[in-house]
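Spelled out, the chains give:
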Amino acid sequence: MRKEKLNIKWLTGLGLILSVLCSAVFIPFAYASAQPGEKSIYPNKDSESQFNVHSSYHAFAKPVVLIDVGHGGVDGGTSHKGLLEKDVNLAIGQKLYLILRSQGYPAILNRDKDYALSDDNRWLQSKSRHLKDLAQRKSLAEQLPTALVVSLHVNWTKRAEKRGPIVLYQDEGSSYLLAERIQHSLNRLFCMNRETVYGKPFYLLNKIQPPAVIVETGFISNEQDRAILSGDRGQKNVAEAIAEGIIAHLTVW
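Keep in mind that what you see is a predicted model, and the values were worked out from it rather than measured.

## So, the overall build of the protein
Here's step 1: Secondary structure assignment for the protein yields 7 helices and 8 strands.
Here's step 2: A total of 253 residues make up the protein; the buried ones form 46% of that total.
Here's step 3: Here the analysis covers contacts within the protein between residues at least 6 apart in sequence; of these, 75% occur between residues at least 24 apart.
Here's step 4: About 13,700 Å² of surface is accessible on the protein, with carbon and sulfur atoms providing 57% of the total.

Shown next as structure tokens:
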């Protein structure tokens, strides 16, 4: 009887050891299988599942700089003759992305083509394309491990002489400091001394949790600004100035 009890205990112990070993092999494999593949450096409409609002996984191991490319698709933003804001934003955003990545800073674009982010938003029950667009931008910032958000836009006014970049910030310390650093860098490029602005009425600045700023890169209604914003060299200079402010912020902060 005693021998049988010992055999039972031995078999039970062996079973526990085998269970632990099997778990050690299977669980990491199952977890890895559940992760979405990082097929593209750009989160776009072809990788919708990666940013499903119901998903608990993401493909980015480190906090990223989320470059929010304003407007897109049917929403062209402001314009001057054939020059559309959405195209300027995308061109500067792509250059900013490449500069940050080349310097070793994780960054992503929320669109890398000409389409509206509202097209991706199939989860919000709203007939408003504008609201769905803004909600999708907010959702991306929440679903990703986001260090900060830089939203790119172009300004317009009836006063053709008004020019220069303006950076708007949240009611939050890190956002203010980020705005100051980007504004300072852009001021040097435009040879101006503009001040940052508290972006109180703006949805993204009110709703996004990570530190966020809106960068109005210039006035499309001004001839001097338009010359900068419409040319490849000028767009690159603007992207470099924004990147300089971001890197200064990440380095100091």
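## Some details on the packing of helix α6 (residues 223–230) against helix α7 (residues 232–252)
Here's step 1: Where α6 meets α7, the closest approach of the two axes is 5 Å, and the angle between their N-to-C directions is 90 degrees. As summarised for this structure, α6 and α7 are arranged roughly perpendicular, according to the angle between their axes. Counting all contacts with α6, which are made through Ile-228, Leu-229 and Ser-230, the residues of α7 involved are Asp-232, Gly-234, Gln-235 and Val-238.
Here's step 2: Grouping the amino acids of the contact of α6 with α7 by side-chain chemistry returns 3 nonpolar, 3 polar and 1 charged.

## Concerning the pairing of strand β6 (residues 166–169)
Here's step 1: Neither face of β6 is exposed, since Ile-166 and Leu-168 on one face and Val-167 and Tyr-169 on the opposite face are all buried.
Here's step 2: In the sheet, β6 pairs with strand β8 (residues 212–219) via 4 bridges, with the strands oriented antiparallel. In the sheet register, Ile-166 faces β8, and the bridge partner there is Glu-216.
Here's step 3: Direction of pairing for β6 relative to strand β7 (residues 197–198): parallel, over a ladder of 2 bridges. Counted as the bridge partner of Tyr-169 is Tyr-198 from β7.
Here's step 4: Assessed by its sense of winding, the connection that carries the chain from β6 through helix α4 (residues 173–190) to β7 is right-handed.

## Digging into the environment of Ser-175
Here's step 1: When you line up the elements, Ser-175 lands in helix α4.
Here's step 2: Excluding its chain neighbours within four sequence positions, the residues that come into contact with Ser-175 are Tyr-169, Gln-170, Pro-211, Ala-212 and Val-213.

## Section: helix α2 (residues 85–102)
Here's step 1: Taking 1.5 Å per residue as the helical rise, α2 with its 18 residues ought to reach 26 Å, and the 26 Å between its terminal C-alpha atoms agrees with that figure.
Here's step 2: Burial analysis of α2 places 13 of its 18 residues in the buried class, the great majority of the element.

## A word on unusual backbone geometry
Here's step 1: At His-71, a position not held by glycine, the phi torsion is positive, near 65 degrees.
Here's step 2: Tracing the sequence through the fold places His-71 in the loop between β1 (64–69) and β2 (79–80).
Here's step 3: Even without being glycine, Lys-81 reaches a positive phi, approximately 55 degrees.
Here's step 4: Looking at the secondary structure, you find Lys-81 in the loop between β2 and β3 (83–84).

## Concerning the sheet that holds β8
Here's step 1: What the 6 strands build is an open sheet, ordered β4-β1-β5-β8-β6-β7; its pairing is mixed. Both outer strands of the open sheet, β4 (107–109) and β7, are each paired with one neighbouring strand and no more.
Here's step 2: Of the strand pairs in this sheet, β1 and β4 are connected by 3 bridges, and their pairing is parallel. For Leu-66, the partnering residue across the bridge sits in β4 and is Ile-108.
Here's step 3: Along the sheet, α6 makes contact with β5 (146–155) and β8, crossing β8 at roughly 115 degrees.

Calculation notes
Per-chain numbering applies: the sequence of each chain, read as written, is numbered from 1 onward. Two thresholds apply to this predicted model, a pLDDT of at least 70 for residue-level local features and 80 or more for giving and counting side-chain atom pairs, whereas whole-chain, interface and lining totals are computed over all residues. Excluding hydrogens and water, the side-chain values take into account all heavy atoms of the structure. Put simply, DSSP H or I for four residues or longer makes a helix, DSSP E for two residues or longer makes a strand, and each gets a number counted from the N terminus. The classification of residues rests on relative accessible area computed with a 1.4 Å probe and restricted to protein chains. Under 20% of the type maximum is buried, over 50% is exposed, and intermediate values are partly exposed. By the convention used here, residues are in contact when the closest approach between their heavy atoms is within 4.5 Å. Exposure was quantified through the Shrake-Rupley algorithm and a 1.4 Å probe, taking into account, for residues, occlusion by the shown protein chains and nothing else. Each axis is a line fitted through C-alpha atoms, and for a helix only the stretch in contact is used; angles between axes span 0 to 180 degrees, taken between their N-to-C directions. To sort the angles, those under 35 degrees are grouped as roughly parallel, those over 145 as roughly antiparallel, those from 65 to 115 as roughly perpendicular, and the leftovers as oblique. All amino acids are sorted into three groups, where Ala, Val, Leu, Ile, Met, Phe, Trp, Tyr, Cys and Pro are nonpolar, Asp, Glu, Lys and Arg are charged, and the leftover types, Gly among them, are polar. Strands are labelled as partners when DSSP assigns at least two bridges between them. A right-handed crossover is one whose linking path, passing over the helix from the first strand to the second, runs clockwise when the strands point away from the viewer. A helix is expected to reach a length of 1.5 Å times the quantity of its residues less one.

Function-wise, these values are silent; they only describe arrangement.
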